[in-house]
Structures are given as structure tokens and as C-alpha cells.
Amino acid sequence: MQLGPFAIAAFILFIGILIFVHELGHFLAAKLFDIKVVKFSLGFGPPLISFRRGETTYQIAAVPLGGFVKMVGDNPYDEISPDDQARAFTRAPVYQRAIVALAGPLFNFLFPVVCFFAYNVVGPEILAPEVGSVGPGQPAARAGVRAGDRIISVDGHRTWSFGRLVELIQDRPEQPTKLEVERDGQTITLQVVPDARPDRDMFGQPKQVGILGITARRIGTRVGVVDGRRAPAGLKTGDEILSVAGRPVTDLVELEAALRAHAGRTISVGRARTVTLEAGDLLSAQRTAPASTEVATPADFEDLGSLGLAPSETFVRTVVPGSAADRAGIRAEDQVLSVDGREVHHFWAFQLAMAKAEGGPVSAALRRAGEIQTVTLRSDAVACRNEVTGEDEVRYLPGFGVRPPGVMPECRRLQAGEVTLANWESPAPARMETPRLSIAESAVESVRQTLSMIGYVAKALFMLLSGQISTSNVGGPLSMFGAAAAAAEQGLLQYLQMLAFISVNLGLVNLLPIPILDGGHLVFCAVEAIRREPVSLRTRELASMVGLVVLFAVLVLALRNDILRLDTMF
């Protein structure tokens, strides 16, 4: 993120919108009950812009870190003119004062519905709910799901994106589930029972999620050498086939169809070879070297196996020296055929089996130089620190991929490169499309997304207050500045999502029972309703002092965390 005029403007607009939404709730609630509003201010301190409409002065002040709605009588020390006595805040019934206090946070919860609605109506292109590939032996395969199927609903819930499909399936581990599938212009119904997979939520808590064993992407044209004696001399494991006889191919189906059309002939095959550049012990820099190879296609060609080749997905790309995989005897370019007796066609199926074993033995059948052998692999248990909870956890690493020297394995898997360089992935472009949601569906989905976000933030806040999450996650103005600027750089839709997220945060924080916050006012109203008399002025003063001390301490903590994170923000 670059610190400049754009970032500053994005932050000012961001914070201005959030303050306006919150204070608008208080303002409209006060107007609803005919409580006189003297001033509506965005910001604190001396006004930069000020004008008067009717009985209310509206202003934008110099310090954009909050705002306020000044009502007649909201300060017990204010003198109230005889003409305003009937419209003073303190003269309003207790339930009206409670609603005025609650209206600010309530608007913080309603605003994300607007943000998500706009996102859902104008949303960007996303992954279509189309099956790119199906893992053999996985729940989808057992149910009859095929590559190319479009899953249009899950138990009656429409799936307008692959992400929505995954979300619905994850909520149904080991539950009989009905899928409506479009295939070849027809709609069919399939019954599936998603497998349960151990996972962790964003707070590091264990949970079970359902999986079908499908991917959105199709299998591409990268190949691995199964039998070097039959494979064309110019090809090696990891090569990507770009064209056959001058005709471009983009996925496995097109590649095999093109080769089949030239059966019994010698043709030119265009390929690209990824060359990994060494930099000490860290293998990360790469370049692609295009070339062409003459391939003699057998007259009885059926699939890649006829040429001693196979899709590259299950071929090991890199093994960490000294890791569990290395000690088990697994080597680069080995092809994983099966795990614990179950055939695999995607490397992630192997990794999933390793994750489920949690350090226990896993038997894998490998093919190396045309010969099959079996190895037993036990992942290494590694203690790592969860950055959210601040606690140590145990993760199990089999040792595929590349690990930068001097960097211990930790919770963020991508840092070690063990996902991206574990195998020779062969992706083909997945189908992208703009979600086809109606206005009604967009509205319902917006409410669902908002409620889900409120639940997530509420849980995070509870875990923070109960000590289950490290206080290092508390952010202040600089963190908000960074979030707003980064979201703005990514575009309007990401900006709306970040506005929704921070708005929910502000709403929940303001509901905390801390004097001077809206939650504190609600507590005073509740006490007054129960006792049938207002809380004494002295008690309110002492409580407010305590509230100020608490908020000041939180602000100091947030600023400290912001300063420690400066090097990662700019």
C-alpha cells in the first residue's frame, strides 16, 4: 500500500461514512420522538464546515475520529430553556432514550446490508458453480457427479457461485444431501453424503466440514512421465502442452481429443517447460522455456497412457530435505497412485489423507521410473504459534514443497511454499461468470451475509475479552487507515466489503456496557426502568470516569499495536 493523497482520501471518506451512519441512527431516533437536536457533528474539535438548517447546526469538525449528536438535556449540567423543557432528552420516557442510544449501533448493523446488496447486484465475475474435476472415490464420484456438471442447488438452496456451493456443502458433513445438476441441457437430481473433514475456523478452533471431492478448475495440459521407454524423447515431467499440430489446447479433454485425431502420425507438439532457478537453498524464482517436440502418436491411441504419460497432478514436484517425505524415500517426479489403498487422481487427496492421519502412518503407492513401490509416511508434528489466539498449536507437515532457509514451519502454510510447489499442478481456466441473483435473492443474501458477519465479529470480540485471542489483534486508527486504503486500491466492491466489516465492529463495540458508550447508556436506562428512578448524577459521573480510563487504555493498546505493525502496512 502506498501512502499518498489517494490513500488519505480513501480513509477520510471511509471514516466519514462510518461516523455518519452511526450518528444518523441517533439523529433519526431523536427526531422520531421529537427530542430537540442542537448539533449534528462529524468529527470533534473546531468546525471546518458548519451550517444551520432549522433548529440544528450541522458541521464537519477537524478531528475525524468520531462524531456526536447534541440533544437538549443530554448533559445533566446543561441549562434548559422553558420552551425546550418538553423536548429535552432527560424528559423523554426511558424506553425512548434507550431506543435513541440503540439506534446508532443498529444503523451500524443495517448499513452492511446495503453494502452487501450493492455488492451482490453489481458483483464481479466469480467462479461458476461448475465442476471442473472429480476425485475418484470421493463422495461426488460415488454420487455420479461428472466433470462439466453445473450444480444449481444444494438441498433446495440455489448455488450462484462455486464459493456458495462449497459453503453449503461444508455445513453438511456426513448428511444426506440432494444436488440438482445441469448436464447436457437436462436437469437431474443426485443424492450425495459429503465426507467429514477436520478443519479449523478463523479463530483456530477445531470443526468438521463437509467435502464433495470436486474442484472448480479443469485438469490442464501439464503432463508427467509414467514410462520413460514409451514417452516421447522431448517431454519430461512438468511440461505443459500448448498445442498439437499447430492447434492450441487448453485442457486435458482437448489435448487427448487432438492427439486422438492424429493417431498413427508424427506431429509437432508445442510445450512450455518451467525452469526453477536456484538462489541458495531457496527455490522460488522460475522462468518458462517454450519449445516444440515431434511426437509419434500410436495408431491405437486412447489417452495419455498410450504415450507413457499421465496428467501431472499426482507427480511430486519438490521434497523438503530431511522432512518426513524425504525420510520415507519419496523423491521428486514420483507419481502418487493410491493412499491407504484408495486411488488418487489429485495431489490434494494425498495431502488430505495426511492431514486426517495427524501424524499417524499413511501408506502410499508410488510409481518411479515405471516401477511401483509402497512407502509408509508419518507427518512431522510441528509446534507453531496461532497469530489470532497467540497460542501454540500442533500442525502436521509431510514435507512437500520448498521451505526458505532459516524459516521454521508455522501456521501460515503459504509462507513456506509447501502448497504451491508440492506437486506439478495442472490448472486449466475455470469458468468465470457474473452472479445471476435477482433483486429479492440479493436482498436475502445481503441479510444472511450481514448476520454471518455479526456472528463472526461477536465471537471474536467475546474471545478477545475472555483472553482466548491475543490483544495484539486490537487495531487502532492506523490499522483502519491501512484497511481502508488497501480496500480502495482493490476497487469499489472490496471497499464496500471493508466498510461493512468495520461498521459491524463499531456497532458491537458501542454496545459494550462501558459508560460513555451507547452500551453504557443502555445499562443506565435498564437500571432506571427496574428501579423506576434515574441513576444518581454522582454514580453517572464516577462510571463515566471509569469508562474514560478503560477507553484510554484500549486506545493506548491499539496505538501500540499499530506502531508495531507499521512496517507491514506501508
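Source: prediction; values computed, not measured.

> Please give an account of the overall build of the protein chain that cites residues and values.
Helices and strands together make up the secondary structure of the protein chain, namely 13 helices and 26 strands. Taken over the C-alpha atoms alone, the protein chain extends approximately 105 × 55 × 50 Å along its principal axes. At a minimum sequence separation of 6, the contacts of the protein chain that also span at least 24 residues come to 63%. Carbon and sulfur atoms make up 59% of the accessible area of the protein chain, which amounts to about 28700 Å² in all. Mean positive and mean negative side-chain charge positions of the protein chain (55 and 59 charges, respectively) differ by 1 Å.

> Explain the packing of aromatic side chains residue by residue, including any values.
Scanning the model with the defined rule gives 13 aromatic pairs in all. Seen in terms of ring centroids, phenylalanine 20 and phenylalanine 40 are 6.1 Å apart; in terms of plane orientation they differ by 55°. Their pairing is tilted. Separated by 20 residues along the polypeptide, phenylalanine 20 in helix H1 (residues 5-32) and phenylalanine 40 in strand E1 (residues 37-53) bring together distant segments of the chain. The class of phenylalanine 20 is partly exposed, set by a relative accessible area of 37%. You can call phenylalanine 40 buried: its relative accessible area is 5%. Chaining the aromatic ring pairs together yields one cluster made of Phe20, Phe27, Phe40, Phe51 and Tyr58. One cation-aromatic arrangement involves arginine 317 over tryptophan 424; the distance from NZ or CZ to the ring centre is 4.1 Å.

> Describe the sheet that holds strand E21 (residues 362-368), listing the residues and the values that go with them.
Judged by pairing direction, the sheet is antiparallel, and its four strands sit side by side in the order E20-E19-E21-E22 without closing on themselves. Of all strands in the sheet, those with a lone pairing partner are strand E20 (342-343) and strand E22 (371-377), marking the two edges. Alignment of strand E19 (residues 335-339) against E21, held across four bridges, turns out to be antiparallel. Residue pairing for E21: valine 336 is matched across the bridge by leucine 366.

> Describe the side chain of threonine 215, with residues and values.
With respect to the secondary-structure elements, threonine 215 resides in strand E11 (residues 214-215). A polar contact of 2.4 Å, which involves the side chain of threonine 215, links it to the side chain of serine 133. Every residue in contact with threonine 215, bar those within four places of it in the chain, is listed here: Glu130, Val131, Gly132, Ser133, Phe162 and Trp348.

> Pulling in residues and values, what's your account of the environment of phenylalanine 524?
Residue placement: phenylalanine 524 occurs in helix H11 (residues 518-531). Phenylalanine 524 sits in the buried class, given a relative accessible area of 12%. When the C-alpha positions of phenylalanine 524 and serine 536 are compared, they lie 9.9 Å apart, and in sequence the two are 12 residues distant. Filtering out sequence-adjacent residues up to four positions away, phenylalanine 524 remains in contact with Val535, Arg540 and Ala543.

> Any chance you could break down the confidence of the model for the protein chain for me, citing the residues and the numbers?
In the predicted model, the protein chain carries a mean pLDDT of 85, and the fraction of residues at 70 or more is 91%. Low pLDDT, under 50, characterises residues 404-419; the stretch is placed with 35 contacts to residues that sit more than four places away or in other chains.

> Summarise the pairing of strand E5 (residues 150-154); cite the residues concerned and give the values.
Walk down a regular strand and you will see the side chains alternate between the two sheet faces. Burial analysis of E5 places five of its five residues in the buried class, the great majority of the element. Inspection of the sheet shows E5 paired to strand E7 (residues 177-183) by four bridges, in the antiparallel sense. Each bridged residue has a counterpart across the sheet, and for valine 154 the counterpart in E7 is leucine 179. One ladder, built from two bridges, connects E5 with strand E6 (residues 157-158); its direction is antiparallel. Across the sheet, residue serine 153 finds its bridge partner in E6, namely arginine 158. With antiparallel pairing between neighbouring strands as the criterion, E5 and E6 make up a hairpin whose turn holds two residues, including aspartate 155 at a positive phi of roughly 50°.

> Could you give an account of the pattern of salt bridges, naming the residues involved and the relevant values?
Opposite charge on two side chains makes pairing possible when the charged atoms of those side chains draw close. Counted under the stated rule, the structure contains 25 salt bridges. Where arginine 273 meets aspartate 239, a salt bridge forms, and the shortest distance between an N and an O atom there is 2.7 Å. Taken together, the positions of arginine 273 in strand E16 (residues 266-279) and aspartate 239 in the loop between strand E13 (223-225) and strand E14 (240-244) put the pair 34 residues apart, joining distant regions of the chain. Classification of arginine 273 as partly exposed rests on a relative accessible area of 23%. Sharing partners across several salt bridges, the network here consists of Lys31, Asp34, Glu55 and Arg87.

> So what about helix H8 (residues 439-465)? Which residues, and what values?
Its 27 residues place the ends of H8 39 Å apart at the C-alpha level, agreeing with the 39 Å of an ideal helix rising 1.5 Å per residue. Buried within H8 are the following residues: Ser442, Glu445, Ser446, Gln449, Thr450, Met453, Ile454, Val457, Ala460, Leu461 and Met463. Elements that come into contact with the buried residues of H8 comprise helix H2 (94-122), helix H4 (162-170) and helix H10 (492-510).

> Break down the sheet that holds E6 for me, citing the residues and quoting the values.
Pairing within the open sheet is antiparallel, and its four strands lie in the order E6-E5-E7-E8. Two strands lie at the open edges of the sheet, namely E6 and strand E8 (186-192), each paired on one side alone. Those strands touched by H4 are E5, E6 and E7, and its axis lies near 45° from that of E5.

> Tell me about the pairing of E8, and please be specific about residues and values.
Where E7 and E8 come together, seven bridges link them in antiparallel fashion. Looking across to E8, one finds that glutamate 182 is bridged to threonine 187. Once E7 ends, the chain turns through two residues before running back antiparallel as E8, passing aspartate 184 with a positive phi of about 55°.

> Give a detailed account of the packing of H2 against H8, specifying residues and quantitative values.
Closest axis-to-axis distance for the H2/H8 pair is 8 Å, and the angle between their directions is 135°. Relative to H8, the element H2 is oriented oblique. For the crossing formed where H2 meets H8, the hand is right-handed. Touching Phe109, Pro112, Val113, Phe116, Phe117, Asn120 and Val121 of H2 are Ile439, Ser442, Ala443, Glu445, Ser446, Val447, Gln449, Thr450, Met453 and Ile454, all from H8. Residues belonging to the contact of H2 with H8 are distributed by class as follows: 11 nonpolar, five polar and one charged.

Quick notes on the rules
Residues numbered from 1 in each chain as written. Predicted model: local features only at pLDDT ≥ 70, side-chain atom pairs only at ≥ 80, totals over all residues. Heavy atoms only, no water. Helix = DSSP H or I, 4+ residues; strand = E, 2+ residues; numbered from the N terminus. Contact = heavy atoms within 4.5 Å. Areas by Shrake-Rupley, 256 points an atom, 1.4 Å probe, with all protein chains shown as cover. Lys, Arg positive; Asp, Glu negative; His and termini not counted. Charge placed at Lys NZ, Arg CZ, Asp CG, Glu CD. Phe/Tyr/Trp six-rings, centres within 6.5 Å; stacked < 30°, edge-to-face > 60°. Buried < 20%, exposed > 50% of the residue type's maximum accessible area, 1.4 Å probe, protein only. Lys NZ or Arg CZ within 6 Å of the ring centre and 35° of its normal. Pairing = 2+ DSSP bridges. Polar contact = N/O pair within 3.5 Å; in protein donor to acceptor, adjacent residues only side chain to side chain. pLDDT = per-residue confidence, 0-100. Salt bridge = Lys/Arg side-chain N within 4 Å of Asp/Glu carboxyl O. Expected span 1.5 Å × (residues − 1). Axes fitted to C-alpha atoms, helices over the stretch in contact; angles between N-to-C directions. Parallel < 35°, antiparallel > 145°, perpendicular 65-115°, else oblique. Left-handed = near helix turned anticlockwise from the far one by under 90°. Nonpolar A, V, L, I, M, F, W, Y, C, P; charged D, E, K, R; others polar.

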